[in-house]
Amino acid sequence: MEHPFGIDFGGTGIKGAPVDLAVGDFAHDRIRIDTPRPATPQAVAEVFGQIIGSFPASSRPVGVTVPGIVRHGVVHSAANIDKSWIGEDADAIFTAALGREVHVVNDADAAGLAEAEYGAAKGRRGLVMVITLGTGIGSAMIWNGQLVPNSEMGHLELDGAVAEATTATSAREREGLSWEEWSVRLTAYFRHLERLFSPDLFVIGGGVSKSWEKFGHLIKAETEMVPATLQNRAGIVGAALVAHRMAGVED
């Protein structure tokens with residue numbers, strides 16, 4: 001059985017695998033290749049071809065995460081990739097390069113959608129906010145299972161500074177904050193989100209979610225809060241799901 005393909009394109013590595021959407025997991029072991037330098041669209045497309053070429057030939061669609069704002073297949077920001085991406089129609093570039101229908105999506109949005117469909121937010125109605133804590137703060141907003149794209153909640157201003165500059169995992173590590181000290185900042189951040197959006201559920205992702213028991217109970221927010229469950233599989237799974245839906249393929 002053929003499966004849609006998911007590719008997670010990051011600043012240091014590019015990972016991909018076919019995804020079984022019936023269970024929300026890889027159909028085969030993923031393959032990882034270092035992100036080329038410079039990470040131009042053409043150079044990245046070549047790596048995509050190598051990854052896809054390592055699996056049996058397929059005509060199913062391909063989903064690709066991009067660490068930037070994506071609107072209708074066009075990339076509008078490039079925080080950790082080559083600036084030549086800005087303004088490029090990545091859907092068209094990759095579709096031509098790979099000979100398969102390709103759809104790109106913001107990386108945090110892909111991970112959030114995967115958590116809503118298969119992970120910690122599965123079956124939850126209302127507004128789910130998936131917040132990833134890492135080098136920055138990524139976010140995804142899911143309303144009754146539907147993605148509201150490009151939310152960029154890490155860029156909110158909090159106490160006169162961009163939130164991710166003071167509240168991301170990188171800030172905790174850079175400043176040597178204890179879990180208790182960091183939780184004070186996280187509490188302020190999540191209460192700010194509550195005032196603005198009144199969500200029904202927060203799902204906390206990023207590598208630090210593995211340490212949830214050390215800090216989760218210290219965050220004083222009113223909204224229910226749970227750790228993400230798909231971890232580093234979420235981007236690939238979410239990308240494949242987006243491609244499947246955008247292509248209009250029936251389940």
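Just so you know, these numbers come straight off a predicted model, no measurement behind them.

Trainee: Provide a residue-level description of the packing of aromatic side chains, including the pertinent values.
Mentor: Per the stated rule, a full pass over the model turns up 11 aromatic pairs. Aromatic pair W85 and F94: ring centres 5.6 Å apart, planes at 55°, arrangement tilted. Exposure remark for W85: the relative accessible area of 0% places this residue in the buried category. Take F94: its relative accessible area is 0%, and that puts it in the buried class.

Trainee: Describe the layout of surface pockets, with residues and values.
Mentor: If you add up the space inside the largest pocket, you get close to 1,400 Å³. Taken together, 45 residues line the largest pocket, and the ones lying closest to its centre are D107, A108, T132, G134 and T135. Elements with a contribution of two residues or more to the lining of the largest pocket: strand 1 (5–9), strand 2 (13–20), helix 3 (107–118), strand 9 (127–133), strand 10 (137–143) and helix 8 (234–246). Broken down by element, the lining of the largest pocket gets its largest block of residues, 5 residues, from helix 3. Residue composition of the lining of the largest pocket, grouped by class: 11 nonpolar, 25 polar and 9 charged. One number sums up the size of the second largest pocket: a volume of about 430 Å³. V105, L147, P149, V242 and M246 are, among the 19 residues lining the second largest pocket, the residues nearest its centre. Where the lining of the second largest pocket is concerned, the elements lending two or more residues are strand 6 (70–71), strand 8 (102–106), helix 3, strand 11 (146–148) and helix 8.

Trainee: Lay out the environment of G126 in plain terms, naming residues and giving numbers.
Mentor: Inspection of the secondary structure puts G126 in the loop between helix 3 and strand 9. The exposure class of G126 is buried, given its relative accessible area of 11%. Separated by 14 residues in the primary sequence, G126 and A140 have C-alpha atoms spaced 14 Å apart. Dropping the residues within four chain positions of it, G126 is found in contact with I142, W143, N144 and D200.

Trainee: Run through the pattern of salt bridges, naming residues and quoting values.
Mentor: A full pass over the atoms with the stated rule returns 6 salt bridges. The salt bridge partner of R185 is E175, with a shortest N-O separation of 2.8 Å. Here E175 lies in helix 5 (residues 169–175) and R185 lies in helix 6 (residues 179–197), a separation of 10 residues in the sequence. Judged by relative accessible area, R185 falls into the partly exposed class, the value being 25%. For E175, a relative accessible area of 39% corresponds to the partly exposed category.

Trainee: So what about the pairing of strand 5 (residues 62–66)? Which residues, and what values?
Mentor: Most of strand 5 sits out of view: 5 of its 5 residues are buried. Where burial is concerned, the two faces of strand 5 agree: the one with V62, V64 and V66 and the one with G63 and T65 are both buried. In this structure, strand 1 lies alongside strand 5, joined through 4 bridges in parallel fashion. In the strand pairing of strand 5, D8 is matched with T65. Note that strand 5 and strand 8 share 5 bridges and pair parallel. By the bridge assignment, T65 is partnered in strand 8 with V105.

Criteria and cut-off values
- Residues numbered from 1 in each chain as written.
- Predicted model: local features only at pLDDT ≥ 70, side-chain atom pairs only at ≥ 80, totals over all residues.
- Heavy atoms only, no water.
- Phe/Tyr/Trp six-rings, centres within 6.5 Å; stacked < 30°, edge-to-face > 60°.
- Buried < 20%, exposed > 50% of the residue type's maximum accessible area, 1.4 Å probe, protein only.
- 1 Å grid on protein atoms, 1.4 Å probe; cavity = no way out; pocket = protein on both sides within 12 Å on 5 of 7 lines; lining within 4 Å.
- Points joined across faces, edges and corners; volume = space filled by probe spheres on them.
- Helix = DSSP H or I, 4+ residues; strand = E, 2+ residues; numbered from the N terminus.
- Nonpolar A, V, L, I, M, F, W, Y, C, P; charged D, E, K, R; others polar.
- Contact = heavy atoms within 4.5 Å.
- Salt bridge = Lys/Arg side-chain N within 4 Å of Asp/Glu carboxyl O.
- Pairing = 2+ DSSP bridges.

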